[in-house]
Every structure is written in structure tokens, then in C-alpha cells.
Amino acid sequence: MKILSLDPYEFESSSSEEFLVIAIANAKQFPDWEAFFQATIESGAFEPRESPFPAQPIAFQDFEYADSVRIYLQRYAGVVPEGTASSIPLACEWYEQEILIEERGTFIRYAWETSA
């Protein structure tokens, strides 16, 4: 699993107080979403969060902030979720977006927040 952690200085304005953590893993490494989610928690890179399972995935494109998630994933991780991606939203607010994504054999956990 690869984990990227970005502080405010990685963004256009460091005064925006944005933080982003991205975990990416080959789906062969984990038997399911839940195992991947648990591994991200155990990594210590993500804030502890109650397990969303069992959860019904939604189409990634139906996540309210899918466009901004896609932009940051492409910019910082070189990954672009397509229309076939499934997702499990964990937080969906203007100041905090967190989501699990699965597409073409890849698991992604994306956690962005701002305190501005």
C-alpha cells in the first residue's frame, strides 16, 4: 500500500489550511473493502473512524465532491477514477471529504479537510 500525506504547503495557498491523505493499494493485496479500510487505520496515517461496513457502494460519480476528488487524485497520485468506479463515502461536507474508491483492481482511500 502506498500512502501520500500532503500538508498545506502542497496546495496553491498554504493559508487554506488544507490537508490530504491518500492510500492506494492493489486489490490483490486485500480480500475486500473492509480489509483495506482496516489496513489504512492501522497505518496511523488516517484519523480513526468507525467502520462503514456493511455498506452499499455507490457510483463514484454520484459522490457530491467527485470532481474535486478526481482533480486532486490526478494531481497528487496520478490516479483518475473513471465512471465505472464504486465508492463508499465516509464524510461529505464542504470542509471534509473522505471516501473509499474501488476501480479496476485498485483500492483508494482519500481524506481531505480544511480548517479555513
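This write-up is about the structure you can find in this document. Since the structure is predicted, the reported quantities are computational estimates derived from the model, not experimental observations.

Over its 12 residues, helix H2 (residues 66-77) runs 15 Å from end to end, which matches the ideal 16 Å to within 8%, given 1.5 Å per residue. Among all positions of H2, only Ala66, Val69, Tyr72, Leu73 and Ala77 are buried. One side of H2 carries all its buried residues, which in axial view fall inside an arc of 130°. Turning to H2, the residues buried within the fold contact strand E1 (2-6), strand E2 (18-26), strand E5 (96-103) and strand E6 (106-114). Residue Gly78 follows H2 closely and has a positive phi angle near 70°.

Our focus in this paragraph is helix H1 (residues 33-42). For H1, the full list of buried residues reads Trp33, Phe36, Phe37, Ala39 and Thr40. Along the axis of H1, the buried positions cluster into a sector of 160°, meaning they face one direction only. If you follow the buried residues of H1, they end up packed against E2, strand E4 (86-93), E5 and E6. Between the side-chain oxygen of the N-cap and the backbone nitrogen of Glu34 there are 3.2 Å, and the N-cap of H1 in question is Asp32.

On to the side chain of Glu18, then. Mapping Glu18 onto the fold places it in strand E2. Reaching out from Glu18, the side chain makes a polar contact with the side chain of Tyr72 at a distance of 2.9 Å. Here Trp112 takes part through its side chain, which lies 2.8 Å from a polar atom of the side chain of Glu18. Setting aside anything within four residues of it in sequence, one finds Glu18 in contact with Leu6, Asp7, Pro8, Phe11, Tyr72, Trp112, Glu113 and Thr114.

What follows deals with the packing of aromatic side chains. Summed over all chains, the structure comprises 9 aromatic pairs. Summarising the aromatic geometry, the rings of Phe63 and Tyr65 are spaced 6.3 Å apart at their centres and angled 65° between planes, so their arrangement reads as edge-to-face. For the pair formed by Phe63 and Tyr65, the shared burial category is buried. The structure contains a cluster of three or more aromatic residues connected by ring pairs, namely Phe30, Trp33, Phe36 and Phe107.

Rules used in this analysis
- Residues numbered from 1 in each chain as written.
- Predicted model: local features only at pLDDT ≥ 70, side-chain atom pairs only at ≥ 80, totals over all residues.
- Heavy atoms only, no water.
- Helix = DSSP H or I, 4+ residues; strand = E, 2+ residues; numbered from the N terminus.
- Expected span 1.5 Å × (residues − 1).
- Buried < 20%, exposed > 50% of the residue type's maximum accessible area, 1.4 Å probe, protein only.
- Arc of directions from axis to C-beta.
- Contact = heavy atoms within 4.5 Å.
- Polar contact = N/O pair within 3.5 Å; in protein donor to acceptor, adjacent residues only side chain to side chain.
- Phe/Tyr/Trp six-rings, centres within 6.5 Å; stacked < 30°, edge-to-face > 60°.

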